Amino acid sequence: MIKVDAEVPVSPYLRNEIVEAIRRGDAIFIVGAGVSLLASDGAESASWKGLIRAGVERSADLDSSLSGRWRSSKLKALTSTADSAQMISVAQEVERHLKQIPGNHYGKFLAETVGSLPMVRRGIIDVLKDSGAPILTTNYDSLLEQGTGRDAATWQRISHLQDEIKQPGRFIVHLHGHWREPETIVFGYESYARVIGDSESQAMLRALLATKAIVFVGFGQGLEDPNFAALTTWLTSTLGSSGIAPAVLVRNKELASAQSRFRALGVNALAYGDAYDDLELYLADIVREANAVPTPGIKEFTWESLAPKLMRLHRRIARSFAPDFVVAMSGPGNFAPAYCLAHSSEDPPLLAAVTFPRRPDRSRHNLAFEKLASNGGWIHHESDKWDVFLPNVIRDFPAGSRALIFDDRVVGGRVQHAIAELLKGFGYEVRRAALVVDPRQISAVDFYEEVVDGDFVFPWGGKHGRGEPAS
């Protein structure tokens, strides 16, 4: 679970409303610049303010009539203390200057900034996709399309918005325009209201959104963001009281301010954690709970999908437990702990258990290694399904050392439990981790990323491990 400061009030009820809305298919995510900043690993043009700052520099470079004083004054207006009106004013000046210069420089500027954002960390976009909910955004870039495989649709195509809300999965709806269509780009509330605030659009959106649970994601990086202020004002005036108030996810330290400012607008604020990176973990937990219903068939984990899941699992572990050594239990699946350790700055040693499936006719390699392990003082644990050999050095860590047992999956959990008890007998503090757990093992495993009740398969093997079918 996400770490939340003890002094930060948490509302399980409001959180559960989001979980249930996703489960019912009634949730809609409206995504702000914070998601693009996370996905692009902090690219400056991913933020609204950073994009306008780049626009000031481009305008000053292209238009020699603009003085150095103009550039300095506009950049000063974009300081951290700038209010929405100042930022909107600068944005409108940038748009006007770039459009006046021959050569489609406004379009080129958009293509070379928001149109060129790199996809560095796709985890949070994967989570949004996994929710199955419609995704609307105030962002101008294509990162959501890259991560979800959906097509871009702008506010000019209201029928696409209707299609997406009724049957999610085809479009990312850009409420403030998309960089490929410069004429659709909207800066701030006034132009937003002008292009989408007509009575026909309001009637359409009122019908589509009135019974939905709207969740603002990625706006916490700037509660001063004019896009957020515009959207909340517009939504509350358009929808009125539907009984399902929109919610905005913010950091712990922003919660009190967000509650005092936005409750008057009919928007609830929920804290997701201390750091921006916690947003992905918070959403992953919510989506996991909402999707905790067995689905037919086999769940397939691809190499592409595993990387962000393992990164999230690494962050979950790193925030609350710093192991002195890690015991990898999964044979071919030792890729999972090895990948996590590759992102650790602490470099705890990884001790790999040697495991063999228990068969009526044990393999010659199994028998040969058992003899070698016995001669070398290795620890041998036998279960009804596995022969497990642990390196002899595992006995020699100082008492009180922190041990992390890491498996790719925990289904029955008996072997991992037995090894945990053995390590506790050596005086170690022990935690258990797994990429995937059976729902009946949730209380026993300290850190996990996926809960799967049915069959599943990794690139290296199935739910039941080596020697058994995946289904």
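**Considerations on the sheet that holds strand β12 (residues 379-382)**
Spatial strand order, β11-β13-β12: three strands in an open sheet with antiparallel pairing. The open sheet is flanked by β11 (354-357) and β12, the only strands paired with a single partner. Direction aside, the axes of adjacent strands within the sheet are offset by 15° on average. Note that β12 and strand β13 (residues 386-390) share four bridges and pair antiparallel. By the bridge assignment, His380 is partnered in β13 with Phe389. Across the sheet, helix α18 (residues 414-425) is in contact with β12 and β13; its angle to β13 comes to roughly 30°.

**Quick look at the packing of aromatic side chains**
Each aromatic ring pair is described using two quantities: the centre-to-centre distance and the angle formed by the ring planes. Taken as a whole and judged by the stated rule, the model has 17 aromatic pairs. Chaining the aromatic ring pairs together yields one cluster made of Phe301, Trp303, Phe335, Tyr339, Phe456, Phe458 and Trp460. Positioned over the ring face of Tyr282 is Arg15, at 5.9 Å from the centre of the ring.

**Observations regarding the confidence of the model for the protein**
Per-chain confidence: the protein averages 85 in pLDDT, with 85% of residues scoring 70 or above. Scored below 50 in pLDDT, residues 1-6 makes 18 contacts in the model with residues more than four places away or belonging to other chains.

**Side note on the side chain of Ser36**
With respect to the element layout, Ser36 can be found in helix α2 (residues 33-39). Dropping the residues within four chain positions of it, Ser36 is found in contact with Ala46, Asn139, Asp141 and Leu143.

**Let's talk about the packing of helix α3 (residues 48-62) against helix α6 (residues 105-112)**
The N-to-C vectors of α3 and α6 enclose an angle of 135°; their axes lie 11 Å apart at closest approach. When the interaxial angle is binned, α3 and α6 end up oblique. Here α3 runs over α6; the crossing is right-handed. Together, Leu51, Ala54, Gly55, Arg58 and Leu62 of α3 and His105, Lys108, Phe109 and Glu112 of α6 make up the contact between the two elements. Along the lines of polarity and charge, the residues of the contact of α3 with α6 split into four nonpolar, two polar and three charged.

**Some words on the pattern of salt bridges**
Between side chains of opposite charge, a pair can form when the charged atoms approach closely. Under the defined criterion, the tally for this structure stands at 36 salt bridges. In this structure, the salt-bridge partner of Glu57 is Arg71, at a minimum N-O distance of 2.8 Å. Remark: Arg71 occurs in helix α4 (residues 68-77) and Glu57 occurs in helix α3; sequence separation between them is 14 residues. Arg358 serves as the salt-bridge partner of Glu382, at 2.9 Å between the closest nitrogen and oxygen. Linking Glu382 in strand β12 with Arg358 in the loop between β11 and α17 (364-375), this pair joins segments that are 24 residues apart in sequence.

**Focus: the side chain of Lys74**
Its location among the elements puts Lys74 in helix α4. Using a relative accessible area of 16% as the deciding quantity, one classes Lys74 as buried. Setting aside its immediate chain neighbours within four residues, Lys74 contacts Val56, Val90 and Glu93.

**Focus: the nonpolar core**
Core analysis: the biggest nonpolar cluster contains 37 residues, and Phe29, Leu249 and Leu283 have the highest contact counts within it. Where this core is concerned, the elements lending two or more residues are α1 (12-24), β1 (27-31), α2, α7 (123-131), α8 (143-148), β5 (213-217), β6 (247-250) and α14 (278-290). The dominant element in this core, judged by the number of residues it contributes, is α14, at seven residues. Core analysis: the next-biggest nonpolar cluster, separate from the first, contains 23 residues, Val56, Phe109, Tyr140 and Ile185 among them.

Cut-off values and rules
- Residues numbered from 1 in each chain as written.
- Predicted model: local features only at pLDDT ≥ 70, side-chain atom pairs only at ≥ 80, totals over all residues.
- Heavy atoms only, no water.
- Pairing = 2+ DSSP bridges.
- Helix = DSSP H or I, 4+ residues; strand = E, 2+ residues; numbered from the N terminus.
- Axes fitted to C-alpha atoms, helices over the stretch in contact; angles between N-to-C directions.
- Contact = heavy atoms within 4.5 Å.
- Phe/Tyr/Trp six-rings, centres within 6.5 Å; stacked < 30°, edge-to-face > 60°.
- Lys NZ or Arg CZ within 6 Å of the ring centre and 35° of its normal.
- pLDDT = per-residue confidence, 0-100.
- Parallel < 35°, antiparallel > 145°, perpendicular 65-115°, else oblique.
- Left-handed = near helix turned anticlockwise from the far one by under 90°.
- Nonpolar A, V, L, I, M, F, W, Y, C, P; charged D, E, K, R; others polar.
- Salt bridge = Lys/Arg side-chain N within 4 Å of Asp/Glu carboxyl O.
- Buried < 20%, exposed > 50% of the residue type's maximum accessible area, 1.4 Å probe, protein only.
- Core = buried A, V, L, I, M, F, W, Y, C linked by side-chain atoms within 4.5 Å.

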